[in-house]
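So the chains spell out like this:
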Amino acid sequence: MQRLLTFSYRDQPRAMREIADLAKTLPPAVRNRFDLLLAASPAPERCLQYFVRLRERQPSAFDRLTRSTAGLRHLVAVFAHSRFLAEEILEHPDWAEQLLDASELTKVVTPEALRAQLETACPPGVPNPLELAKFRRRQILRILVRDVLGLGTLPEITAELSDLADALVGFVYQRIHEDLVIRYGVPRSESGASGVDVNEAKFAVIALGKLGGEELNYSSDIDLMFVYSEPGSTDGVVSITNKEFFKRAANRLTELLSTYTAEGLCYRVDLRLRPDGSLGEVCVSLDGACKYYAERARDWELQMLIKARVAAGDEATGRALLDFIEPRTYSTTLDFSAIEQLSQTRGRLNEKLAARKAKWGLATRIRERTSIDVKLERGGIRDIEFLVQCLQRLYGGAEPWVRHGGTMLALARLQDKGFLSGAEYGRLASAYQFLRHLEHRLQFEDDLQTHTLPTDPEALELLARRMPGGGGSADWLMLELRGHLSRVTEIYTRVVGTQSFAADVVPEDDGHVLHPATGPRASNVVLALDQRAPALAAALARGRLQRGYQPFEHLLERLSSDAARVDALNSNPDLAEYSLDLFEHSPYFAEELIRWPELLDDVARPRTPLTADEPPPHELAELRRWYRREMIRIQTGSICLAQPIFDTLARTSELADAVIARAYEIAIVETLHAHPPHSATYAPRDQMWVIAMGRLGVREFDLASDADLVFVLADADASELLFWTRVAEHMVDMVAAYTGSGVLFTVDTRLRPNGSSGPLVRTEGAVIEYFARTAEAWEGITYMKSRAVAGDPARAEAFLHQIQEVDWRRYGQGGRSRSDLRQMRVRLEKEQGSLHPLKAARGGYYDIDFLLMYLRLKSAGVFFRVLNTPARIEVLESMSDLDHTQAKFLLDAATFYRALDHGLRVMTGHAEGKLPKSEAQRETLADLLRRWTPIPLSELAEIGNKVSAAFDRQFG
């Protein structure tokens, strides 16, 4: 019990006696764990009190629930985090039975399973509000344990809370509908005299707000709208209109869900977002709703429908309304006046908070710990959700992919399409997760709808210890909160607040920013450089930044309290030059440096691989940081030192190799712990081979490239296929997972046998058999660009040699490769040419790639361990498949296309298949291109024609 003594109890001797007395009643297997579990909890004293009360009030339940370490751990989680659920366990100890099976708590309970449980829990007929409230709280108990023990991610937890609400709403409506049908008959359409089912009028419950986005809180209102399909009347002895029938259903549903009981209520139901708000009909017809949104809906009403979805009732009826509204919700052009209107709406939503902030600034309130509302505070939850909706309104017309009600997924999609930078996504996603975790911990203490931090110091300390990861202090919590709020506010102001006047800002010749009304606009931080860092000020003046000027100001603001790095920029002219160059030519890396100014240390060392300073870390979060550092070293060398493009791609490939190899090791260790091999004596080391394909396979991996990976297991280890499949799954999850600090890189496993429908891991024999007998031509040919990046390198190389021999026998030796490759190329041009013309259109990079693959297959089945494009061309020239003139042209053209692609990536942070439309962006791209190739951007069409002609000469 020594660890427990580090905690201060009000009555330490009594606490020790109670712990000792409790421990005596526990089974020996868990007795020694009791004090450790208490000590690790955020509130050991409170936990102890609840255990004492449970033993006194429910002795048999105490014995049953504390029989296992899992049961004990889960009780500690509840007692430490939620007062109202702790009291529920004292009153209903049987509720805690669901916490005894640890394996069940790792699973998400589906809406269908919840509906089935409701059917069992409630007798026939319209349910009693008390039973509904009990059911909700019992499910909340399970979800909370999953949440606080990290058994579910934030999106999983909010989705489960939403599924629970959906299940309750759907179940209650179904029972109410059945009861009303008994009284009044089935509601029929006006044309439905025949009484057949097809003419039955339908009813839909549309969820809005957080429930609509499937991001419900523990104690949220649920925003609902009720719609029925068509007018008519019921066919019962006592007949009423459909409008009256569904109005009664809607009112009864609202009443049952929001009735207070001894177990609280299910949900506060808010119907104010319906057409005409609180003055409108409780339930509106589909035709009436469509007319309202077509003719009278205000802009904010369209905005809030971004989160709308059908939660219960008839899916077709609800979907008909949402499909009608969707084109009106999203702009088809980038109309910044819409942003201005939404900004005005956002301002009205926060009038009360703004008045309070005028009296007490954020810094003061954080310092004084006074009335911080994590939802409404500037930079809080509502600002993030509002910012996301603004961008969805602007870009959702042209890009349906960004249309999604969930904030987290919408953020990822906006970043995926380039409407948010990687750095902006990272900050917003990290802040949103932090704030939602904080909001949850405020609410599940007493099942109250609150978003305000406590002012009591002890309560604030407890709240900090309850945050994910635990162990934080109140000072830590407030520091983290201030950082997130300020970062969100900066992005909100920049993305939303500046859109309407951004077109009026133009660069002056000296690189300073001009505004038509005010003239030069150098910030205070720039003006202060003359005294603080004169050499840097001179470099900034010489650099004549235009596109990078304002972002560099943001960096200087971030460095205002970092004297060491300002001094480094001032004293190291190379570092200053490299930094200014990056900010001018790479908006993506400018954002990275603003977010992580410590990366400046790596900008100063572009020629030195990070592996020379430190090996890849064994901890995942540190590995992400290591990857980011090496990436900026590589790209600084590429941009600022004009290093050859294929050297840069080789170095980036080595970086990806190192990450994959380390992730392989981590995955083995962690899978061994969580899911040991079938055989207790089995020793996993390197028996599974990770094969890189595509760009990584030929060592031409680049910033934001996908890693095409295939997993192959040695035949001798086939009995442990399940274990290695788990290793591969965990490895992919680690590398490709979105986190607050971004993603390492995307992993694509679809090039495995049978594609995404096939097993993730196959034995070597099964793969060879597949390619010898079943594989299509394009599948076999993809292995011409493959190499091992993890696992036993010698055995993997032998395996690849076999695969390529099969390739040559099937496609090269028989002469099939020419027609097969041409068909593949034609299909790619048809499917991707318009979207990705630089790669897939006629004369694009794929023409060069396919031409080289054909010549390699045509000449001989020679196995090469690694061949990038220049090496492939050199080999073909040495074998007389290309003359010197042809080889030189292909090398020049390949370098041009790779440089063009690379320039687009370092500008935007993601892959681009087309040239930018903006003239300013094209100028930046042309400037970058000159560093890596003598061929100017203006000759793109000419290069394409020549490449196409070379392709046609070989393929006809």
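Residues numbered from 1 in each chain as written. Predicted model: local features only at pLDDT ≥ 70, side-chain atom pairs only at ≥ 80, totals over all residues. Heavy atoms only, no water.

Draft legend 1. Molecular detail of helix α45 (residues 940–955). For α45, with 16 residues, the first-to-last C-alpha span of 22 Å sits near the 22 Å given by 1.5 Å per residue. All of the buried residues in α45 are Leu940, Ile943, Gly944, Val947, Ser948, Ala950, Phe951, Gln954 and Phe955. Buried residues along α45 cover an arc of 160 degrees about the axis, so they all sit on one side. Exposed side of α45, more than 90 degrees from the buried face: Ala941, Asn945 and Arg953 are the residues found there. Backbone geometry just downstream of α45 places glycine 956 in the positive-phi region, at approximately 80 degrees. (Helix = DSSP H or I, 4+ residues; strand = E, 2+ residues; numbered from the N terminus. Expected span 1.5 Å × (residues − 1). Buried < 20%, exposed > 50% of the residue type's maximum accessible area, 1.4 Å probe, protein only. Arc of directions from axis to C-beta.)

Draft legend 2. Spotlight on the packing of aromatic side chains. Counting across every chain of the model gives 24 aromatic pairs. On the numbers, 5.5 Å between centres and 80 degrees between planes, the contact of phenylalanine 723 with tryptophan 724 is edge-to-face. Here phenylalanine 723 matches tryptophan 724 in class, with each residue buried. With a centroid separation of 4.3 Å and 20 degrees between ring planes, the pair formed by phenylalanine 951 and phenylalanine 955 is classed as stacked. Remark: phenylalanine 955 and phenylalanine 951 occur in helix α45; sequence separation between them is four residues, near one turn of the helix. Phenylalanine 955 shares its class with phenylalanine 951; the two are buried. Put simply, the rings of Tyr173, Phe203, Phe226, Tyr228, Phe245 and Phe246 pair up and form one aromatic cluster. (Phe/Tyr/Trp six-rings, centres within 6.5 Å; stacked < 30°, edge-to-face > 60°.)

Draft legend 3. Quick peek at the confidence of the model for the protein chain. For the protein chain, the mean per-residue pLDDT works out to 86, and 88% of the residues sit at or above 70. Segment residues 1–8 is flagged for pLDDT under 50; beyond a separation of four residues in sequence, or across chains, it makes 19 contacts in the model. Here residues 332–340 is a poorly scored stretch, pLDDT under 50, and it has 14 contacts once near neighbours within four places are set aside; other chains count. (pLDDT = per-residue confidence, 0-100. Contact = heavy atoms within 4.5 Å.)

Draft legend 4. Structural detail: the nonpolar core. Formed by 122 residues in total, the largest nonpolar core has its most connected members in Leu709, Phe711 and Phe745. If one sorts the elements of this core by residue count, helix α33 (residues 645–674) sits on top with 13 residues. Excluding residues that lie within four positions of it along the chain, phenylalanine 745 makes contacts with Tyr627, Ala656, Val659, Ile660, Phe701, Ser705, Ala707, Val735 and Ala736. One finds Val76, Val78, Trp95 and Phe444 within the second-largest nonpolar core, a separate group that totals 87 residues. (Core = buried A, V, L, I, M, F, W, Y, C linked by side-chain atoms within 4.5 Å.)

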